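# Coordinate inspection notes
Here is how the chains run, residue by residue.
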Amino acid sequence: MKIIKTIIQIAVLYGIYFLGESIQSLLQIPIPGSIIGLLLLFTALAFHIVPVEWIEDGARLILTYLPLFFIPATVGVINYPDFLSWTGLLLVIIVIISTLATMAAAGWVSQFFQLRQSRKEAK
Amino acid sequence: MFAIFMIAFTIGVFVLMSRLYARLYNPLFVPVLTSTIIIASTLVIFQIPYESYMTGGKWIDSFLGPAVVALAYPMYRQRKEITKYMLPIMMGVLSGLFTALTTGFWFAKLVGVDRTFILTMVPKSLTTPVAIPVSAEIGGIPSMAIVFTMVAGFTGIVAGPLFLRLIGIKGALGMGMALGSASHALGTSKAFEYGQEPASMSSVAMSLSAVFGSVIGPLFVWLFHI
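Residues numbered from 1 in each chain as written. Chains lettered and ligands numbered in written order. Predicted model: local features only at pLDDT ≥ 70, side-chain atom pairs only at ≥ 80, totals over all residues. Heavy atoms only, no water.

Going by what an unreviewed UniProt entry lists, chain B is known as LrgB family protein and is assigned to Halobacillus andaensis.

The test is simple: UniProt positions are given in the numbering used here, feature names are shortened, and annotations may be inferred rather than shown by experiment.
Taking an unreviewed UniProt entry as the reference, chain A is identified by name as Integral membrane protein YxzK belonging to Halobacillus andaensis. Entered under Subcellular location (unreviewed entry) in the UniProt record, the comment concerning chain A runs "Cell membrane".

Now the structure itself:
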């Protein structure tokens, strides 16, 4: 019974994903349907419009295999052999440095404001 | 038949690589990276076009959308933390987005690469489905944007853990913000290794970056007359 329940819950997640995709094509915005679906589901859960029990098991199962679902897309890199050139290599290095800088900025700034907030609460 | 074989091959390689990773626990061996390398090399060696691979691959790929939607679940579990730290979250996401947009642009300008490449690089920190239309809108090359987005994702996965330790980011909030802002959904998949809280924060960072980025990215290009 648990298996059937989990499959239905994954179908529900699919439904929300398609809803997000429909909203995206209707409004013609560059925000992907999956992100719209995520925000919709989060709002629905937070306001108890959708009880968490309806998606809990399905969400846990599908998230366990999250990295697997990226692979077909990442394998697509074979269509771009141009990156095996000097310019390609240079661009990749720039992306790596910029990504590290982004991690540092987002991490430091959020940590700084979190510590400041905790100190205020302590007073 | 070929499609089923490709599905089985992808899952098989992923399962094996996951076992290897569990044994070695070296960030260079993260399953999504090693599996991609093995599958991509196999396709190249046997001269199988990507389109043929995708007759099977698309079935696995079709789970990505609902899986991203499912990230709402860990976010819901951490909703109290998210509301409590709304200010640090917003500040972190905005600084991350600003840094991602400006540093890529500056470095590219510094070494003097072509304008089209610079524009293609701008949305790299955003999740692939955002990066493609944004790069198209601002005059970049969408198919190349996919590769940059992937490099940004793998950088977070492979270098993230050591790098964050080196620069003194220890908490779940800071780690999640860093991985989600810089490395989108791939970074979020890595954040799960550290637990529900960093994963939720990473999901929040990824979603907000996607929403803000789709607006700020084109605006940034327009403002700076790139």
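Having seen the model, we can carry on.
### Looking at a nonpolar patch on the surface
Counted only if it meets this: Any residue with relative accessible area above 30% and no salt bridge may belong to a patch, with like charges joined within 9 Å and the nonpolar Val, Leu, Ile, Met, Phe, Trp and Tyr side chains within 5 Å. What sets the accessible areas is the Shrake-Rupley method with a 1.4 Å probe; for residues, cover comes only from the shown protein chains. We define a salt bridge as a side-chain nitrogen of Lys or Arg found within 4 Å of a carboxyl oxygen belonging to Asp or Glu. Strands here are runs of E lasting at least two residues and helices are runs of H or I lasting at least four, both read from the DSSP assignment and numbered beginning at the N terminus. With a 1.4 Å probe rolled over the protein chains alone, any residue whose accessible area is under 20% of its type maximum counts as buried; one over 50% counts as exposed, and the rest are partly exposed.
Taken together, the side chains of Trp86, Leu89, Leu90, Ile93 and Ile97 of chain A together with Phe107, Leu110 and Val111 of chain B make up a nonpolar region of the molecular surface, amounting to roughly 810 Å² of accessible area. When contributions to the nonpolar patch are tallied by element, the ones reaching two or more residues are α5 (86-122) of chain A together with α7 (86-111) of chain B. Residue position: Phe107 of chain B is located in helix α7. Overall, Phe107 of chain B belongs to the partly exposed group, its relative accessible area being 31%.

### Some remarks on the domain arrangement of chain B
All names here are of chain B. Keep this limit in mind: Reported domain spans reflect what an automatic or database domain assignment gives. By definition in these notes, contact holds between two residues if any of their heavy atoms fall within 4.5 Å. Buried area counts how much accessible surface, traced with a 1.4 Å probe, disappears from two parts once they are put together, with both parts' losses summed. Polar contacts, as counted here, are pairs of nitrogen or oxygen atoms within 3.5 Å of one another; within protein the pair requires one atom able to donate a hydrogen and one able to accept it, and residues that are adjacent in sequence qualify only if both atoms are side-chain atoms. Polar here means any residue other than Ala, Val, Leu, Ile, Met, Phe, Trp, Tyr, Cys and Pro, which are nonpolar, and Asp, Glu, Lys and Arg, which are charged; Gly is therefore polar.
Domains assigned within chain B are domain 1 (2-62) and domain 2 (70-223). Relative to domain 2, the C-alpha centre of domain 1 lies at a distance of 25 Å. Listed as interface residues are 8 residues of domain 1 and, on the opposing side, 6 residues of domain 2. A per-residue breakdown of the area domain 1 buries against domain 2 is headed by Pro27, Val32 and Leu33, which together make up 50% of the total. Inspection of the domain 1/domain 2 interface yields 0 salt bridges. Summed over the shared surface of domain 1 and domain 2, the result is 3 residue pairs in polar contact (both at pLDDT 80 or more). With 3 residues, the single largest contributor to the side of domain 1 that touches domain 2 is helix α2 (residues 31-45). Across the side of domain 1 that touches domain 2, the residue classes break down as 7 nonpolar, 1 polar and no charged.

### Focus: the side chain of Thr36 of chain B
As for its position among the elements, Thr36 of chain B is in helix α2. Accessibility expressed as a relative area gives 5% for Thr36 of chain B, which makes it buried. A polar contact is formed between the side chain of Thr36 of chain B and the backbone oxygen of Val32 of chain B, at a distance of 2.6 Å. Excluding residues within four positions of it along the chain, Thr36 of chain B makes contact with Ile71, Thr74 and Val75 of chain A together with Phe154 of chain B.

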